Amino acid sequence: LKELRQIDPDIILGHDLLDFGLEYILQRMKVHSVNGWSRLGRIKRKDMPRMAAQIGVARAGHDACNGRLVADTKTSAMELVKMRDYNLTSLCEEQIPEKLSGLKPHFLAACKNRKEYLPEHIAEAFGSSNTLRMLLQENINDCFRNMLISSNIQSLPLAVQITNICGNILSRTLSRGRAERNAYLLLHAFHKKDHLPPPPYKKKTVEDGDKKGPKFAGGMVLEPKKGLYTNYILLLDFNSLYPSIIQEYNICFTTTAMQAPPGEDISTWLPDLPKTMEEGILPFEIKKLVNRRKEVKKLIKNEKNADELARLNIRQLGLKLTANSMYGCLGFTASRFCAQPLAALVTAKGREILEATKVFVEKMNLEVVYGDTDSIMINSNSTNISEVMKLGNLVKKEVNKHYR
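Just so it is clear, the structure is predicted and the values come from calculations on it, not from any experiment.

Turning our attention to the overall build of the chain. Assigned secondary structure in the chain consists of 17 helices and six strands. With the principal axes as the frame, the chain shows a C-alpha extent of 75 × 60 × 45 Å. By the burial criterion, 38% of the 404 residues in the chain qualify as buried. Partitioning the intrachain contacts of the chain with sequence separation of at least 6 by distance along the chain shows that 69% fall at a separation of at least 24. Only carbon and sulfur atoms are counted for the fraction: they give 54% of the accessible area of the chain, which is about 24,200 Å².

Time to look at the packing of aromatic side chains. All told, the structure shown has seven aromatic pairs when counted by the stated rule. Lys 349 extends its terminal NZ or CZ atom over the ring of Tyr 249, reaching a point 4.6 Å from the ring centre.

So, on to a nonpolar patch on the surface. A cluster of nonpolar side chains, Ile 11, Leu 13, Ile 140, Phe 144 and Met 147, forms an exposed patch at the surface whose accessible area comes to about 410 Å². Elements with a contribution of two residues or more to the nonpolar patch: β1 (11-14) and α8 (129-153). Assignment of secondary structure puts Met 147 in helix α8. Overall, Met 147 belongs to the partly exposed group, its relative accessible area being 46%.

With that settled, the discussion passes to the nonpolar core. Membership of the largest hydrophobic core comes to 52 residues, with the highest contact counts inside it found for Leu 186, Phe 253, Leu 282, Tyr 327 and Leu 330. Top contributing element to this core by residue count: helix α16 (residues 340-363), with nine residues. Not counting the four nearest positions on each side in its chain, Leu 282 is found in contact with Leu 186, Ile 246, Ile 251, Cys 252, Phe 253, Met 326 and Leu 330. In this structure, Leu 4, Met 29, Cys 65 and Val 70 belong to the second largest nonpolar core, which totals 14 residues.

What counts and what doesn't
Residues numbered from 1 in each chain as written. Predicted model: local features only at pLDDT ≥ 70, side-chain atom pairs only at ≥ 80, totals over all residues. Heavy atoms only, no water. Helix = DSSP H or I, 4+ residues; strand = E, 2+ residues; numbered from the N terminus. Buried < 20%, exposed > 50% of the residue type's maximum accessible area, 1.4 Å probe, protein only. Contact = heavy atoms within 4.5 Å. Areas by Shrake-Rupley, 256 points an atom, 1.4 Å probe, with all protein chains shown as cover. Phe/Tyr/Trp six-rings, centres within 6.5 Å; stacked < 30°, edge-to-face > 60°. Lys NZ or Arg CZ within 6 Å of the ring centre and 35° of its normal. Patch = residues over 30% accessible without salt bridge, like charges linked within 9 Å, V, L, I, M, F, W, Y side chains within 5 Å. Salt bridge = Lys/Arg side-chain N within 4 Å of Asp/Glu carboxyl O. Core = buried A, V, L, I, M, F, W, Y, C linked by side-chain atoms within 4.5 Å.

Interpretation in functional terms is not warranted from these geometric data alone.
Set out below in structure tokens:
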């Protein structure tokens, strides 16, 4: 705490700090009656955040460092990279590069090969000065590892970019408040249009027979045609299907009925597609994000400067992540803009489009062997890759004729 006060960092970087590390430190402070716990942050506070033992959920870490940003490599990696396991050892193996200018290869190799210390190993390490030094060195190396991982996945620049796009608070972006940042983006959009945001969606209570899980059907999965395929299988998928449906059919809080008519079964009711020509706020915002990303990608093609290229790439990735998460807030019950009738209408159109695509393809005398949510797999009946690529482009052209 004394060191933190002297250094006064703006950002604290580490692995699993939010859900484990900071809460563990707070617990030890409580056990040993350490005063001044709030020096973890910059605001003098008396009462410690409530621990997982008190509320059943580890949230104290999210509230421990007020006034400083907490960059958690685990939290960032879960949003930005696809991996089976997000523990530090796995992240080191996958996200620390083999070569990096300014750093020696043997140092990077040492960082990639992390030695795991289990609780019993830590106790044993205190047995001699030599083993204790090795434990300390591994701890110091973990600090470097976190910096290398964060740098490789560009977690901080991306968080800044997403915060600029959505107009929310950087600390909340870093703590993975995706629903909250989408809510901010939409609140700003409604305000700009001088339009009142919709009232929060009335969720069904437990008395209404509420159960956990989605209250509407999701994507369609076509029955797979089993067998061993020795020809090329052509995989085609829709580009951002749900955001595209919202734009295609102008689905929005401002254009679509949100309440079921009296007497309708709420669990099966679907609103009608909008008939108004006036563009809704939700499709307008998605279109804006998509168009901005296209412009940035054009700049990337012609950019030669490596630093500017990296900056542009972060920008387009921030726009992509924001656009793709816009649909999610409609079906997420904790979101300020939860609107399950709209989410149900979007997924219903998705199922309809996948079924229609299967019909279009079969009319071209091609066999659809599988499909899932936004993609179909077609048996090309060919082992010639250039023929298959031509066929893929032909199918794409035919299907795209039916949509804006």
